[in-house]
Amino acid sequence: MTLDPNDDRPPYLQVNSVLRAEILTKKFEPGTQLPSGPELAKRFGVARGTVTKAIDMLRDEGLIVTRKGSGSYVRERTERPVGLRPHLEMAFADQQVTVDFAGFSSETLHSAMQEPLDKIRAGRLRPESISVRLLLPDTTAPMAVPTLVDGLADDPSLRDRARDIALTNAAGIKHSVEVLAEMGLVEKASVEVKVYRATSLFKLYVLNHRDVFFGFYPLRERTLAVEGEARTFYDVTGKDATLFHHAAGPDAESMGSQYVQQATTWFNSVWSTIAFERA
């Protein structure tokens, strides 16, 4: 197997992506040993150093463990919580970058995007286009959360607070992405924001139509001063959400590929039917 000559990503990212998909789709079962460095170099037609870098990334992602003098082995549990940041940076190594997000405020995404965007500004990453779509809840109508603890009553001031948080982060993403096109660092850059009438109790990321990250928002009781008055209410806690990763496999029938397809279909259906442009 040789690498795709039409894939503009560095060879080590291509090797990493193939091996990661093979691990997550259980072509390499948990507990099994990966082929040796020379075997992988021969398989992909790359240098040993390229394979080493790809393997190091798998280890950093927690998908494998390396035993000195023995080799690298697939972790017994690959269905594990993962971090968004390293995968997001890998996504920005592609020539066409697409990020679809559905969730409460996009606050985590705003923070996680800053490092790859900084690398674009520094010339270390060079995508041709970036397209971001943000699907957020409509805060103009009563929501399941945030809601007052007392009687689960709706409080417009809590919804206004949620709206301000969401719009602040969405505006930050929009500015930091679209300014790259204004500076001539990418050919095209766009950020679209839509809202829909539902309470977001989960967060979903779809990166480059290839990787999906999904997690449920934990709910917690908190007391804060809102508009000068202490309020005790139930709220979502995005930073505490555990994300699980699903990657498209080598064929359309793999579980990872089906999950990515279904997540993409859900997002597109909501985006095109019941969501509307944020006013």
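To be clear, the structure that these remarks concern was listed above.
These remarks concern the structure in this document. (Residues numbered from 1 in each chain as written. Predicted model: local features only at pLDDT ≥ 70, side-chain atom pairs only at ≥ 80, totals over all residues. Heavy atoms only, no water.)

Description of the sheet that holds strand β8 (residues 211–216)
The sheet built from seven strands is open, its strands ordered β11-β8-β7-β3-β4-β6-β12 with mixed pairing. The open sheet has two edge strands with one neighbour each: β11 (244–247) and β12 (276–277). With four bridges joining them, strand β3 (residues 96–102) and strand β7 (residues 202–207) adopt antiparallel strand pairing. Looking across to β7, one finds that aspartate 100 is bridged to valine 206. Together, β3, β7, β8 and β11 form the strand contacts of helix α4 (residues 84–91), whose direction differs from that of β7 by roughly 30 degrees. (Pairing = 2+ DSSP bridges. Helix = DSSP H or I, 4+ residues; strand = E, 2+ residues; numbered from the N terminus. Contact = heavy atoms within 4.5 Å. Axes fitted to C-alpha atoms, helices over the stretch in contact; angles between N-to-C directions.)

So, helix α7 (residues 255–273)
Over its 19 residues, α7 extends 27 Å from the first C-alpha to the last, a length consistent with the 27 Å expected when each residue adds 1.5 Å. The secondary structure elements touched by the buried residues of α7 are β3, β4 (129–137), β6 (188–196), β7, β8 and β11. (Expected span 1.5 Å × (residues − 1).)

Some details on empty space enclosed by the protein
Counting across every chain of the model gives one cavity of 30 Å³ or more. Quantified by volume, the largest cavity comes out at close to 50 Å³. Around the largest cavity sit Arg9, Ser17, Arg20, His87, Met90, Ala91, Leu207, Arg210 and Asp211, which together line it. Looking at the lining of the largest cavity, the elements with two or more residues in it are α1 (11–24) and α4. Top contributing element to the lining of the largest cavity by residue count: α4, with three residues. Taken together, the residues of the lining of the largest cavity sort by class into three nonpolar, two polar and four charged. (1 Å grid on protein atoms, 1.4 Å probe; cavity = no way out; pocket = protein on both sides within 12 Å on 5 of 7 lines; lining within 4 Å. Points joined across faces, edges and corners; volume = space filled by probe spheres on them. Nonpolar A, V, L, I, M, F, W, Y, C, P; charged D, E, K, R; others polar.)

Some details on unusual backbone geometry
With an omega of 0 degrees, the peptide bond between valine 145 and proline 146 qualifies as cis. Structurally, proline 146 is set in the loop between β4 and β5 (147–148). Unusually for a residue other than glycine, serine 106 sits at a positive phi of about 65 degrees. For serine 106, the position within the fold is in the loop between β3 and α5 (107–121). Despite not being glycine, asparagine 208 has its phi angle at roughly 55 degrees, a positive value. Note on placement: asparagine 208 falls in the loop between β7 and β8. Residue asparagine 208 is classed as buried on the basis of its relative accessible area, which comes to 9%. (Buried < 20%, exposed > 50% of the residue type's maximum accessible area, 1.4 Å probe, protein only.)

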